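# Reading the structure
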Amino acid sequence: MGFADTLSDGQRRKYRWTAIMSAWFGCVSEQLLDSNSLIIIYLIALGGNESFSMFSTALSTIFGMCLVIPCAGLASKIGLRASYGMSCIVSMLAFLTMAAAPSIVPAAYAKYLVMIGCAIYCMMRFPYSVSWYPILDMFLKPEERGSFFGTMRFSYMLINAAIIYGIGKLLGKNPSIEIMQIVIAVAGVLVLGRKFCMDRLPDNPEVRKNKIDIGKALNISIRNAPLVGFSFYSCFFNIAVSSAMPLAVIYMKTTLNFSAETIMTLTSIYLVGLISGFALVGVSMRKLGARYFQIIMHTLHIIAIGWLCFILPQTPYAAVCMGVVMFILGFAQSFCLCLNSTEMMASAKPGNKIMAMAFCLTFSNIGTSIGRTGTTLVLAAGVLAPEWQFFGKSMSCYNFMFMFCFVLTVFFYIFLILSPSIISKHDDYYESR
């Protein structure tokens, strides 16, 4: 019997909503970085070019490749609460540094200080991440996971969509540096609310006693076939799709010449797609099962990225088309995020939860890092022709990169067989719903 089984239904319900509230406070800062629009506009306003701005979107995953497993060991030594507490406080300071950068250093160096703030925030995401899932496991039963992640992400994305849309209206066509500074500073302060809520979640004394041996725990994870299979699939999938959203934002800014207000509005449509997907996750996973749910998620990414290839400056209603694509991308990403969370928790062996999550997150970050860093290097090197012809249509280097992502996403269909939800029988541990 797990620790969650010792809690009453009322207690688990209270803890679920407390955890959801913690996500509400922390998700504003995460979305400003992950949806990329405001940070990219901010960096470009401070003098950063396209490749510099794209690099900011890869920082989380670059650090994730190196830090997730060591952070799992750190969380085991200092405790889950100290781990996420340190993360929240330093993350707040990092965002305040980003906001203050134009005011505390010469203008020519402000973009570099913003990038340092981004880097510190990205590093601090991992002491939080390796603590978050084991804490959830203390009060979530396996059958509650799908509906919990759907409800949590639906609610916080609803909040974020309203905030991002409001920020877009506030920024207007020519946003001032000062307004962007205020928004970034407020997002940073809100991270403390995450810590306040998480401090009120239950504490399992057995978890505090269980100090892991990194080498032994890693060996257990490596021998866990379902966990390894899903980790590899996640890695390959992220190589293909991770660049699509930030690259689309840069494409809208530099080639389609959309205003800041239009870009933020389209980003809010992406968030509406996320919200819609999260609203359907719980029902969809119950009715379809993880197998078909995963196939649909992969296919939706193919449709969205394939459409991105052919949205050109001369395309009629280009902004409307981009809005539809943003919605599909958001919808597909919502399925992807919930699937990752439920499959990680289902594949992690009891007693090895922290390292199992770290193992899977490391591979996911490797894939995203390869995808986004590769895109950054291509932009920085200028190896692609700025304009080329494709069936009589004038294309940009961005369209070529979208096409490359599309081909990879189609090709990586074959790696679905690595995922435990696709294989009906398992010799190793897999706690299916």
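Going by the structure above, here's the rest.
Here is what the cut-offs are and how they apply
- Residues numbered from 1 in each chain as written.
- Predicted model: local features only at pLDDT ≥ 70, side-chain atom pairs only at ≥ 80, totals over all residues.
- Heavy atoms only, no water.
- Phe/Tyr/Trp six-rings, centres within 6.5 Å; stacked < 30°, edge-to-face > 60°.
- Helix = DSSP H or I, 4+ residues; strand = E, 2+ residues; numbered from the N terminus.
- Buried < 20%, exposed > 50% of the residue type's maximum accessible area, 1.4 Å probe, protein only.
- Lys NZ or Arg CZ within 6 Å of the ring centre and 35° of its normal.
- Salt bridge = Lys/Arg side-chain N within 4 Å of Asp/Glu carboxyl O.
- Patch = residues over 30% accessible without salt bridge, like charges linked within 9 Å, V, L, I, M, F, W, Y side chains within 5 Å.
- Areas by Shrake-Rupley, 256 points an atom, 1.4 Å probe, with all protein chains shown as cover.

On to the packing of aromatic side chains. The geometry of two aromatic rings is summed up by the distance between their centres and the angle between their planes. Per the counting criterion, the structure on display carries 20 aromatic pairs. Note on Phe-236 and Phe-412: the rings are 5.5 Å apart at their centroids and 40 degrees apart in plane angle, and the pair reads as tilted. With Phe-236 in helix H11 (residues 225-241) and Phe-412 in the segment after helix H16 (397-411), the pair connects residues that are 176 residues apart, well separated along the chain. According to the relative accessible area criterion, Phe-412 is buried, its value standing at 8%. Sitting over the ring of Tyr-128, Arg-194 keeps its end group 3.9 Å from the ring centre. Above the plane of the ring of Phe-196 lies Arg-200, whose end atom (NZ or CZ) is 3.7 Å from the centre.

So, about the pattern of salt bridges. As a working rule, side chains carrying opposite charge can pair if their charged atoms are close by. On inspection of all chains with the given rule, the structure shows 3 salt bridges. Between Arg-194 and Glu-30 there is a salt bridge; the shortest N-O distance is 2.9 Å. Taken together, the residues Arg-194 in helix H8 (residues 177-198) and Glu-30 in helix H1 (residues 9-34) connect sequence positions 164 residues apart. The buried category is assigned to Arg-194, whose relative accessible area is 6%. Between Lys-195 and Asp-199 there is a salt bridge; the shortest N-O distance is 3.0 Å. In this structure Lys-195 comes out as partly exposed when scored by relative accessible area, which is 24%.

Nonpolar side chains collect at one region of the surface, where Ile-89, Leu-93, Leu-96, Val-189 and Leu-192 lie side by side and expose about 380 Å² of accessible area between them. Of all the elements, helix H5 (residues 80-104) adds the most residues to the nonpolar patch, at 3 residues. Among the secondary structure elements, Leu-192 is positioned in helix H8.

Below, the discussion takes up unusual backbone geometry. One non-glycine residue, Asn-257, lies in the positive phi region at around 60 degrees. The topology assignment puts Asn-257 in the loop between helix H12 (244-254) and helix H13 (260-308). Phi is positive for Tyr-317, close to 55 degrees, though the residue is something other than glycine. On the secondary structure map, Tyr-317 appears in the loop between H13 and helix H14 (318-347). Under the relative-accessibility criterion, Tyr-317 is labelled exposed at 68%.

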